[in-house]
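As a plain string of letters, each chain reads:
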Amino acid sequence: MLYELQKQNSCYMQLTNKTDKYVAFKVKTTNPKKYSVRPNTGVVQPGSTCNVTVTMLAPKEIPQDYHCKDKFLVQSVVVEEGTASKDIVSDMFNKAPGKVVEEFKLRVVYIPANPPSPVPEEGEEDLSPRSSIADDEAHHNSLFDVASGSKSHEDVSIQESSEVKSLISRLTEEKRHANEQNQKLRQQVDVMRKQLGKGRSGLSVPTIVIMFILAILIGYLAKRS
């Protein structure tokens, strides 16, 4: 949940009924004085969804490291066809033999409204929270799919693409090739110097001129590659 001093913020949960029956739900929190849940009870028809808005009252101080121990509990139970929200009572969610009451726990994660933006070091992973309310317990066969998110926070995820990896690999290969060409050029220059040194005692002037032109041409071709 987005956290700002002296400012009220909201996030949402979307409850999806995956069954072919009517399902009643109830949302509880460990800190009811701090959060407002609307609606906190309801009935979701088969294949339908229901959006639940969770609003946090304006905080007066920042907790250390934005740590939060608050949690939410979503309870769900199959009810008779035609049951309406006004028909829901607390006893519906009491556990009893032969009665299935499913529960889904969510923990609250605070997201700073204006977080610092340091330049990450190479290999550093992004450890910032990705959702307003993080899943605390997974239920693969539950009546509901519970999705959560923030209304006022844009989730940005930066991932290294295959194109970037390909570019880095190509640049590395070009650098290696350039180093090899540079090494070969130095070796050729050394050979030319030795031959020019011998030329002073035995080579003719035209031969020396031709070898000098060849050295310049090799250097020019090496630079272009």
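In the annotation of an unreviewed UniProt entry, the chain is listed under the name Vesicle-associated protein 1-1 and assigned to Rhynchospora pubera. UniProt, in its Sequence similarities (unreviewed entry) section for the chain, records the words "Belongs to the VAMP-associated protein (VAP) (TC 9.B.17) family."

Draft legend 1. Up close: the nonpolar core. If you look at the biggest cluster of nonpolar residues, it comprises 21 residues, and the most contacted ones within it are V27, Y35, V52, V54 and F72. Elements with a minimum of two residues in this core: β2 (9-17), β3 (22-29), β4 (35-38), β6 (49-56), β7 (71-79) and β8 (102-108). No other element matches the 4 residues that β6 contributes to this core. V52 has contacts with C11, Y12, M13, L15, F25, V27, V37, R38 and P39, leaving out every residue within four places of it along the chain. Counting 9 residues, the second largest nonpolar core, distinct from the first, contains A24, V79, I88 and M92.

Draft legend 2. Structural context of a nonpolar patch on the surface. A surface patch of nonpolar side chains, about 280 Å² in accessible area, is lined by I210, L214 and L217. Among the secondary structure elements, I210 is positioned in helix α2 (residues 205-224).

Draft legend 3. Expanded view of the confidence of the model for the chain. When pLDDT is averaged along the chain, the result is 78, and 68% of the positions lie at 70 or above. A low-confidence stretch, residues 124-140 (pLDDT under 50), is modelled with 35 contacts involving residues beyond four sequence positions or located in other chains. Residue range residues 151-160 is modelled with pLDDT below 50. Its contacts to residues more than four positions away, or to other chains, number 14 contacts.

Draft legend 4. Broad picture of the side chain of T55. If you trace the backbone, T55 turns up in strand β6. Looking at T55, its side chain comes within polar contact range of the side chain of S10, at 2.9 Å. Those residues in contact with T55 that sit more than four places away from it in its chain are Q8, N9, S10, K34, Y35 and S36.

Draft legend 5. The pattern of salt bridges, seen in detail. Overall, the coordinates contain 7 salt bridges when judged by the stated rule. R170 is the partner of E174 in a salt bridge, and the nearest nitrogen-oxygen pair spans 3.3 Å. Placement of the pair is E174 and R170 together in helix α1 (residues 162-199), with a separation of 4 residues, close to one helical turn. Salt bridges sharing partners connect three or more residues here, namely E173, R176 and E180.

Draft legend 6. View of the pairing of β6. Bridge analysis of β2 against β6 gives 8 bridges, and the strand direction is antiparallel. Bridging across to β6, T16 finds its partner in T49. The pairing of β4 with β6 spans 4 bridges and is classified as antiparallel. Paired with S36 across the strands is T55, a residue of β6.

Each value, and the rule that gives it
- Residues numbered from 1 in each chain as written.
- Predicted model: local features only at pLDDT ≥ 70, side-chain atom pairs only at ≥ 80, totals over all residues.
- Heavy atoms only, no water.
- UniProt positions renumbered as here; feature names shortened; annotations may be inferred.
- Core = buried A, V, L, I, M, F, W, Y, C linked by side-chain atoms within 4.5 Å.
- Buried < 20%, exposed > 50% of the residue type's maximum accessible area, 1.4 Å probe, protein only.
- Helix = DSSP H or I, 4+ residues; strand = E, 2+ residues; numbered from the N terminus.
- Contact = heavy atoms within 4.5 Å.
- Patch = residues over 30% accessible without salt bridge, like charges linked within 9 Å, V, L, I, M, F, W, Y side chains within 5 Å.
- Areas by Shrake-Rupley, 256 points an atom, 1.4 Å probe, with all protein chains shown as cover.
- Salt bridge = Lys/Arg side-chain N within 4 Å of Asp/Glu carboxyl O.
- pLDDT = per-residue confidence, 0-100.
- Polar contact = N/O pair within 3.5 Å; in protein donor to acceptor, adjacent residues only side chain to side chain.
- Pairing = 2+ DSSP bridges.

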